[in-house]
Amino acid sequence: MDHFLYKNGELHAEDVPLREIAASVGTPFYCYSTATLERHFRLFDEALEGTEHLVCYAMKAASNLAILKVLAAAGAGMDVVSGGEYARAIAAGVPGERIVFSGVGKTREEMRLALTGGIRQFNVESEPEMERLNAVALELGVKAPITVRVNPDVDAKTHAKIATGKKENKFGIPISRAREVYAMAAGLEGLEVVGIDVHIGSQLTELEPFRQAYEKVKELTHQLRADGHIIKRLDLGGGLGIPYTRSNEAPPLPTDYGAMVKDVLGELGCEIEIEPGRLIAGNAGVLVSEVIYVKEGEDRKFLILDAAMNDLIRPAMYDAHHDIVPLLEPEAGTVPDTYDIVGPVCESGDTFAKGRELARMSEGALVAFRSAGAYGAVMSSEYNSRPMIPEVLVQGDQFAVIRARPTLEEMLNRDTIPEWL
């Protein structure tokens, strides 16, 4: 469920007509619903009720400071994958003890930043990373709390570019070598082992791959405890999918996921960490765009929008589907037209949808891409020297710009021409 609904014939974000925001900030723009962000966080938090747990929002999904403030106020921790994300989490008021640092390529500078600023744990992904983290911790005179990310070789049954738990993926240490790697960690004075980490991919639509991975983690927990390691925390990653279409087929609910986690891992007495990103932010945001032209092709109509692949790259990169709807609700019985919906970037890949049925559109009409809150704004760029588009946050009947659109002058001023030119 989200809070983008038609009211009085117009699509609203909570109690604000999206057309009103478009008139104020121009198009295209991203718009987020505070109520949806809060609701989706609560769903996960309540799903794990009865267990010691922490829901760490995977902020790579959407990392605007205002979004982080909303979720931090609701009680979320943060899962970060770079020094920049760590700095954002701190700036949003999240204490270090609620921040988990993931990622395969942590640098010495990022390790130092987190160790001096405070960190809940590092999810370590390789022996070289472990050795480097140990050295940095010893230089600072502290112990770095770690989990080791294990790769369980489980097929997440998702898009190949967002699967992370198979043996050919770059993530984690083969679970078959986990005992050897944990023994190595125990011998490094700058490290403190606190648990195990696993994450098998994103946009999973079935629980069975999770169950398979967690069964392997349970077995490993018993083995490591028998080896003398203290395993008090299990970081289970994120990955639960969202419905990108309004069909009857929907991924499992957080309540179903939580029940499965308790069933598989409840006997271990470990604190549970989960790192949802997409499910919290995905349906909490839309991308609003204006029709520039309706172009008649030889065998199709093109709906040319002012949003482009640099604003929302998911369709070009992942062949991702987003429902696209008009801001003005079509009257009952309206006969739709069929369009290829494209942007203005000079690439054929700048295509959002082909053969999509939509109420008949004309120049100046406004449309919204649903489920665009995750991996939309954070993956955008200034390709073709197109300014980054605004982000807007709605709460009730209020809205505020939380990232402004830069002027062309501001974009140009970021470049420096050498003296010899």
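In what follows, the accompanying structure is described. What you see is a predicted model, and the numbers here were worked out from it, not measured in a lab. (Residues numbered from 1 in each chain as written. Predicted model: local features only at pLDDT ≥ 70, side-chain atom pairs only at ≥ 80, totals over all residues. Heavy atoms only, no water.)

1. Points about the packing of aromatic side chains
What counts, and what does not: Aromatic pairs are defined between Phe, Tyr and Trp rings, using the six-membered ring for Trp, whenever the two ring centres lie within 6.5 Å; interplanar angles under 30 degrees are classed as stacked, those over 60 as edge-to-face, and all others as tilted. Buried residues are those whose accessible area, probed at 1.4 Å on protein chains only, stays under 20% of the maximum for their type, while exposed residues exceed 50% and partly exposed ones sit between those limits. To qualify as a helix, a DSSP run of H or I must reach at least 4 residues; to qualify as a strand, a run of E must reach at least 2; elements of each kind are numbered from the N terminus.
All chains considered together, the criterion is met by seven aromatic pairs. Taking 6.5 Å as the distance between ring centres and 10 degrees as the angle between the ring planes, the aromatic pair formed by Tyr30 and Tyr32 counts as stacked. Neither Tyr30 nor Tyr32 differs from the other in exposure class; each is buried. Aromatic pair Phe210 and Tyr214: ring centres 6.0 Å apart, planes at 35 degrees, arrangement tilted. Here Phe210 pairs with Tyr214, and both are found in helix α8 (residues 208-226), just four residues apart, close to one helical turn.

2. Things to note about the pairing of strand β2 (residues 10-13)
Selection rule: Should DSSP find at least two bridges between two strands, the strands are taken to pair.
The alternating pattern of β2 places Glu10 and His12 on one face and Leu11 and Ala13 on the opposite face, and all of these are buried. Pairing of strand β1 (residues 4-7) with β2, which is carried by four bridges, proceeds in the antiparallel orientation. Residue pairing across strands places Tyr6 opposite Leu11, the latter belonging to β2. With antiparallel pairing between neighbouring strands as the criterion, β1 and β2 make up a hairpin whose turn holds two residues, including Asn8 at a positive phi of roughly 55 degrees. Relative to strand β3 (residues 16-17), β2 runs antiparallel, the two sharing two bridges. Bridging from a neighbouring strand, Ala13 pairs with Val16 of β3.

3. Overview of helix α4 (residues 83-91)
This is how the line gets drawn: Here the arc refers to the directions that run from the helix axis out to each C-beta atom. Contact criterion: two residues are considered in contact whenever any of their non-hydrogen atoms come within 4.5 Å of each other. Whenever a nitrogen or oxygen atom comes within 3.5 Å of another N or O atom, the pair is scored as a polar contact, on the condition that within protein one atom can donate a hydrogen and the other can accept it, and that pairs from neighbouring residues in sequence are kept only if both atoms are in side chains.
For α4, the set of buried residues is Gly83, Glu85, Tyr86 and Ala89. An end-on view of α4 places all buried positions within 160 degrees of arc, on one side of the element. Buried residues belonging to α4 abut α3 (65-74), β6 (77-80), β7 (99-101) and α5 (108-117). For α4, the capping residue at the N-terminal end is Ser82, with a side-chain oxygen 3.4 Å from the backbone nitrogen of Gly84. Gly93, located one to two residues past α4, shows a positive phi value of around 90 degrees.

4. Looking at the pattern of salt bridges
Spelled out, the test is: Here a salt bridge means any side-chain nitrogen of Lys or Arg lying within 4 Å of a carboxyl oxygen belonging to Asp or Glu.
Tallied over the full model, the rule gives 24 salt bridges. The partner of Arg112 in a salt bridge is Glu139, and the shortest N-O contact between them spans 2.8 Å. One end of the pair, Arg112, is in helix α5; the other, Glu139, is in helix α6 (residues 127-140), with 27 residues separating them in the sequence. For Asp311, the salt bridge identified is with Arg386, shortest N-O distance 2.9 Å. Residue Asp311 is located in the loop between β15 (301-305) and α11 (314-318), and its partner Arg386 is located in the loop between β19 (366-369) and β20 (391-395); the two are separated by 75 residues in the primary sequence. Take Asp311 and Arg386: they sit in the same class, and that class is buried. Linked through salt bridges whose partners overlap, the residues forming this network are Arg120, Arg233, Glu271 and Glu273.

5. Structural notes on the nonpolar core
Convention followed: We define a nonpolar core as any set of buried Ala, Val, Leu, Ile, Met, Phe, Trp, Tyr and Cys residues linked to one another through side-chain atoms lying within 4.5 Å.
Tyr57, Phe122, Tyr214, Leu234, Leu236 and Tyr257 are the most contacted members of the largest nonpolar core, which totals 100 residues. Looking at this core element by element, the count peaks at six residues for α8. Look past the residues within four positions of Leu236 in its chain and what remains in contact with it is Val198, Tyr214, Tyr257, Val261, Leu265, Ile272, Glu273 and Ile274.

None of this, on its own, says anything about what the molecule does.
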